[in-house]
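# Residue-level structure breakdown
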Amino acid sequence: MTPAALDDLGIRPDVAYAARSPLLHAHRAARDVAYHFFANGSATEAVDHEVAIASPWAKATPYPLGAWTGEVGPVAVHRGDGTLAPGATALVALARGAGPVHAISTDAEAARFTDGVLEVVDTRPGARETMLSEGRWKFLARIGELSAPLVLDRWSLWVADCRPGSSPDCHVTVDHRLDLGALAAWPDISGLEDVSGVGRYRTTVRLGCGWTGATGTRHALGRGLRTPAGSPSTAPRWAPWTRRRAWWTSRGLLRHGENTIEVEVAATLLNRLRTVRPAEFRAAERQRYGLVGPVRLVPYGRAVVSDG
């Protein structure tokens, strides 16, 4: 009754959902910007439906806010598909005023602004159509041939095992160094069953010239970054992620020839607490930390949106 009555009065919500879901929302407004925080309140169900955000101004530009990375940039596609994983969050700001020319829709996997230029990205070669905000015309962008994805299956692992020290305010670390023939969760690796701490995975891969130039790379971690937080690095270091996101992208970091890739993961203390304070923690199940994989390097093509 109440929503219908408000609608009859011309009062519209700031945010509207296309379907019932566990999506939660909070809104804060400033003079020339409106902030919207979204959280998936379910631990098992993904949110996969359209969300409409009303603008308090005639013209506004949406900006996603990277809570982990600090990155801020205009949205390239103002209407598109997306999901929010169980327990995941998202921050969006609406800034007053018109932004750059953006895409209304695209059949590419994604679109983005790079140094102020609109481009599409895709892991499939071929032509992609994009409709821009300035008119009805569809513009073509062509993705060139791409190398085949690579599976990274051999890793070395160094773990700093965190253990209680001689007093409550100190701790000691014990190093573990292993060569892994296959990735597995720490409880499935001999000697790491009850370890808590920080692990660093390292592998080396040789790449051809097709992995450089107008190509970027998506680093897919498969089903298995079973850890609260982590970050990959070549040089320079990449930004961190949480276990809610099992892939990352890079551009300009890989080179023709030999490349060394490191993935650092950080675990909670629960597995170690199960052994040092069993009366309180032994009943808890071991947490399956670690990089489980399969880990893949998936090349994607980039092309500037222009008329064909």
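Residues numbered from 1 in each chain as written. Predicted model: local features only at pLDDT ≥ 70, side-chain atom pairs only at ≥ 80, totals over all residues. Heavy atoms only, no water.

When its secondary structure is counted, the protein shows 3 helices and 23 strands. Counting contacts in the protein only where the partners sit at least 6 residues apart, residues at least 24 apart contribute 67% of the total. In the structure as shown, the protein presents an accessible area of about 17700 Å², 52% of it carried by carbon and sulfur atoms. (Helix = DSSP H or I, 4+ residues; strand = E, 2+ residues; numbered from the N terminus. Contact = heavy atoms within 4.5 Å. Areas by Shrake-Rupley, 256 points an atom, 1.4 Å probe, with all protein chains shown as cover.)

Time to look at unusual backbone geometry. Here the phi dihedral of D115 falls at roughly 55 degrees; this positive angle occurs in a residue that is not glycine. Judged by relative accessible area, which is 76%, D115 ranks as exposed. (Buried < 20%, exposed > 50% of the residue type's maximum accessible area, 1.4 Å probe, protein only.)

Okay, the pairing of strand β9 (residues 117-122) next. For β9, a buried count of 5 out of 6 residues is recorded, marking the element as mostly surrounded by other parts of the structure. Here 5 bridges tie strand β8 (residues 110-114) to β9, and the two strands are oriented antiparallel to one another. Bridge assignment links T114 to a residue of β9, and that residue is V117. Here β8 hands over to β9 after 2 residues, with D115 in that stretch at a positive phi of 55 degrees. The sheet contact formed by β9 and strand β23 (residues 295-304) spans 4 bridges and is antiparallel. Residue pairing in the sheet places E119 in a bridge with V304 of β23. (Pairing = 2+ DSSP bridges.)

Bringing the sheet that holds strand β6 (residues 89-96) into the picture now. Strand order across the open sheet formed by 4 strands is β2-β3-β6-β5, with antiparallel pairing between neighbours. A single partner strand is all that each edge strand has here, and the edge strands are β2 (23-29) and β5 (60-64). Within the sheet, the average angular offset between the axes of one strand and its neighbour, ignoring direction, is 20 degrees. As paired strands, β5 and β6 are joined by 5 bridges and run antiparallel to one another. From the neighbouring strand, A60 faces β6, where its bridge partner is R96. (Axes fitted to C-alpha atoms, helices over the stretch in contact; angles between N-to-C directions.)

Looking now at the pattern of salt bridges. The tally for this structure, following the rule as stated, stands at 16 salt bridges. Across the salt bridge formed by R302 and E119, the nearest N and O atoms sit 3.3 Å from each other. Of this pair, R302 sits in strand β23 while E119 sits in strand β9; the two residues are 183 residues apart in sequence, bridging distant segments of the chain. Residue R302 shares its accessibility class with E119, and that shared class is buried. (Salt bridge = Lys/Arg side-chain N within 4 Å of Asp/Glu carboxyl O.)

Let us look at the layout of surface pockets. A volume near 230 Å³ is recorded for the second largest pocket. Contributing to the lining of the second largest pocket are 13 residues, with R163, P164, L269, L273 and V276 lying nearest its centre. At the level of elements, β13 (155-164) and α2 (270-276) are the ones that each hand at least two residues to the lining of the second largest pocket. The class makeup of the residues in the lining of the second largest pocket is 7 nonpolar, 3 polar and 3 charged. (1 Å grid on protein atoms, 1.4 Å probe; cavity = no way out; pocket = protein on both sides within 12 Å on 5 of 7 lines; lining within 4 Å. Points joined across faces, edges and corners; volume = space filled by probe spheres on them. Nonpolar A, V, L, I, M, F, W, Y, C, P; charged D, E, K, R; others polar.)

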